[in-house]
Every structure is written in C-alpha cells, then in structure tokens.
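The primary structure of each chain is shown beneath.
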Amino acid sequence: MLVANDKGLLAMDESNPTCNKRFAALGIPQTLEFRRAWRELIVTTPELGESISGAILYDETIRQHQQDGTSFIQTITDAGIIPGIKVDTGAKDMAGHPGEKITEGLDRLRERLNEYFEMGARFAKWRAVIAIGPGIPSHACIEANAQALARYAALCQGAGLVPVVEPEVLMEGDHTLERCSAVTEEVLHTVFNHLYTQRVLLEGMILKPNMVLPGLSCPVQASAAEVADATVHSLLKTVPAAVPGIAFLSGGQSAELASERLNAMNLRFKSRQPWALAFSFARAIQQPAMEIWQGKEANVLAAQHALIHRARCNRAARRGDYHAAMEGY
Ligand code: 13P
C-alpha cells in the first residue's frame with residue numbers, strides 16, 4: 001500500500017527543533033501556532049493523495065487540529081493518505097565516540113506504539129544517523145544503531161504498524177561517491193543482519209535509505225546516472241528481494257536533483273530491481289513550498305501549488321517519466 005501506484009511518502013515529521021530551524025532560516029516565527037499552520041497547509045493541499053500514499057507525522061502534529069476543528073489525522077485519512085508517526089526521540093551524541101550519534105527512543109516504545117495505533121497511525125519511522133569523516137563511522141556506531149533499528153522494527157510489527165527503517169548516511173563531508181557506497185553497504189549489511197536476528201518480517205517493512213552520493217564538499221560531483229548506478233548497485237548487494245519497497249530520504253539534495261536521481265534509477269533499472277524504488281522526502285517536497293509560504297496566509301495557495309508540483313514530479317520519477325521540462329525551464 002505504501003509504495004503502490006507509483007506514489008510515495010511525505011515526511012512531515014520534523015521535530016520541533018528541526019522545524020524551528022527551517023522556519024528561522026526563512027524568518028518565520030518559531031511558535032506552536034506557526035508549526036500548526038504549516039502542517040495545516042500541507043494536509044489540506046488539494047489532490048495530495050494522488051501522489052502521496054502516506055504522511056509521517058510528529059508527536060505534536062498527530063494530536064493537532066485544523067482551524068475548523070478537524071483533526072489532522074482525519075483530514076489525512078479522508079484524502080486517502082495513510083497516517084504514520086516518527087517514534088524515535090532523536091539522534092544523541094554517542095558516548096565515547098566523538099562526532100557520532102546514537103538514536104534514542106526504545107524505552108516505553110511498546111506503549112507509545114499502541115497509543116499511536118489507537119490514534120490511527122498505521123506505520124512508523126525511526127531514523128539512525130551515520131556520519132562519514134576521518135576514522136568514522138566506527139563499527140560500534142553502526143552496530144548500536146542497527147540493533148536499535150531492528151528492535152524498533154520488531155516492536156512495530158508486534159503493534160500492527162509497518163516499520164520504516166531509516167539508516168541515513170549523511171551527505172556532509174568531502175568523501176567520494178565510492179566511500180559513500182562502501183559505508184552505505186556496510187550499514188545496510190549490518191541493519192539487515194540485525195533485522196534477521198530480531199525476526200523482523202522483511203515483507204512487512206519499508207527501507208528508507210540515503211542515495212549513494214559524493215560528499216557535499218567533494219570536488220568531484222556525480223551525474224544523475226552515476227548516482228543511480230552507484231545507489232542501485234549498493235542496494236542490490238545488500239537489500240533482500242523480500243523487502244517490498246525502498247523509499248529514499250532526500251537528505252538535503254535540491255528538490256530537482258532528488259527527482260532527477262530517483263527518475264534515473266527507475267529508468268535505468270526498471271526490469272532489474274526486485275523492490276519498488278520510491279520516495280519519502282521531507283525537504284525535497286516541502287522546501288520550495290515553505291519558501292513561498294513565509295508564514296503568510298496570503299501565500300498559502302501558491303505554497304500548496306508548489307507542494308503538489310513536487311509530489312507530482314516525484315510520482316513521475318517513480319515511473320521514469322520525470323523531465324526537467326516539468327519544472328518549467
Ligand atoms: P529529508 O528528505 O529532508 O532528508 O528528510 C527525510 C526524513 O524523514 C529524515 O528523517
């Protein structure tokens with residue numbers, strides 16, 4: 001369901017600090033009401049359900065309502081979109097491992113998952129963060145994060161929620177495409193090893209990985225075709241065919257590049273990939289719309305237009321039908 005009909009996921013689950021950071025960069029007030037208004041703008045975007053199968057919410061958002069009193073979860077469900085929930089409590093500094101993070105949130109997770117299920121959520125997300133740099137990632141960081149992802153995924157399946165398993169290898173740094181491939185493969189091997197150990201049903205999960213990219217400050221950047229080849233080759237080596245869907249994070253790529261690269265993967269590997277290659281973008285769907293909105297009621301319609309445009313571009317990219325001309329250049 002989450003990856004059917006060429007649709008994808010919309011990650012609108014930024015924690016309050018992350019959402020506030022995005023608002024601050026655009027001069028939007030960092031308040032509860034502005035966060036609520038932004039999420040109302042998203043969920044009330046007409047025809048969103050034609051391109052988006054599931055929306056990942058944050059704890060604050062899943063409890064919120066529109067100005068007219070309708071709950072967000074009701075609006076999303078009425079639009080034919082499956083509600084999901086971010087359940088990790090954030091990536092924290094890892095003890096004894098400078099520059100590395102470990103994601104927290106396993107304490108009381110069973111009870112929280114049951115509560116979210118009662119509220120209407122049908123899938124969940126947990127993000128692990130792996131940085132590349134001199135001497136990192138360490139084996140300890142990859143192992144600890146992979147084990148937490150697997151324990152989270154097993155608990156989700158026990159509670160009737162589909163786990164979205166997100167091990168994100170970050171783009172920051174000057175590493176090469178090849179180094180990103182090697183790290184991504186090691187991370188995915190470790191994650192699937194732990195998923196197997198924890199008896200997670202691979203048929204009932206979604207993998208949310210990074211695309212394989214050169215670091216942001218690497219002097220040699222890669223074409224969409226090179227990124228597509230490196231990414232799919234790494235995934236073919238590490239992700240069992242039983243996994244129904246892979247939904248990429250955008251990780252700070254521009255909206256257009258994320259669509260172009262997803263398109264290249266689907267175009268070049270159409271008949272050779274065992275899983276659906278979909279999207280679960282936050283910034284690459286929301287950022288252009290947020291820049292138009294600027295926190296102003298008068299800009300809501302134009303922002304919704306930009307949001308639905310990105311959702312449609314990414315749906316086209318799932319079919320290998322995305323073209324730069326769609327951007328109006
Ligand atoms: P980006 O697409 O902005 O990387 O966000 C995806 C996400 O859900 C991160 O957890």
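Anyway, here's the lowdown on the structure attached to this text. (Residues numbered from 1 in each chain as written. Predicted model: local features only at pLDDT ≥ 70, side-chain atom pairs only at ≥ 80, totals over all residues. Heavy atoms only, no water.)

**Describing the packing of helix α5 (residues 109–119) against helix α6 (residues 139–158)**
Then, in step 1: Contact geometry for α5 and α6: axes closest at 10 Å, N-to-C directions at 45°. Taken together, the axes of α5 and α6 are oblique relative to one another. The chirality of how α5 crosses α6 is right-handed. In contact with L109, R110 and L113 of α5, α6 contributes Y152, L155 and C156.
Then, in step 2: Across the contact of α5 with α6, the residue classes break down as five nonpolar, no polar and one charged. (Axes fitted to C-alpha atoms, helices over the stretch in contact; angles between N-to-C directions. Helix = DSSP H or I, 4+ residues; strand = E, 2+ residues; numbered from the N terminus. Parallel < 35°, antiparallel > 145°, perpendicular 65-115°, else oblique. Left-handed = near helix turned anticlockwise from the far one by under 90°. Contact = heavy atoms within 4.5 Å. Nonpolar A, V, L, I, M, F, W, Y, C, P; charged D, E, K, R; others polar.)

**Examining the site of the ligand**
Then, in step 1: In the vicinity of the ligand, 13 residues are found, and the nearest of them are K125, K208, S250, G251 and R283.
Then, in step 2: Within the complex, 93% of the 300 Å² of free accessible area of the ligand lies under protein.
Then, in step 3: Contributions of two or more residues to the shell around the ligand are made by β6 (123–130) and β10 (276–281).
Then, in step 4: Here the residues of the shell around the ligand are counted per class, giving four nonpolar, three polar and six charged. (Near = heavy atom within 4 Å. Areas by Shrake-Rupley, 256 points an atom, 1.4 Å probe, with all protein chains shown as cover.)

**Description of the pattern of salt bridges**
Then, in step 1: The full count for this structure, using the stated rule, is 18 salt bridges.
Then, in step 2: Between R36 and E33 there is a salt bridge whose closest N-O contact spans 2.9 Å. Highlighted residues: R36 and E33, both in helix α2 (residues 32–43), separated by three residues, approximately one helical turn.
Then, in step 3: Between R319 and D321 there is a salt bridge, with its nearest N and O atoms 3.4 Å apart.
Then, in step 4: Residue classification places D321 among the partly exposed residues on the basis of a relative accessible area of 41%.
Then, in step 5: Taken together, the salt bridges that share partners define one network made up of D6, R319 and D321. (Salt bridge = Lys/Arg side-chain N within 4 Å of Asp/Glu carboxyl O. Buried < 20%, exposed > 50% of the residue type's maximum accessible area, 1.4 Å probe, protein only.)

Spatial relationships are all this shows, so hold off on functional conclusions.
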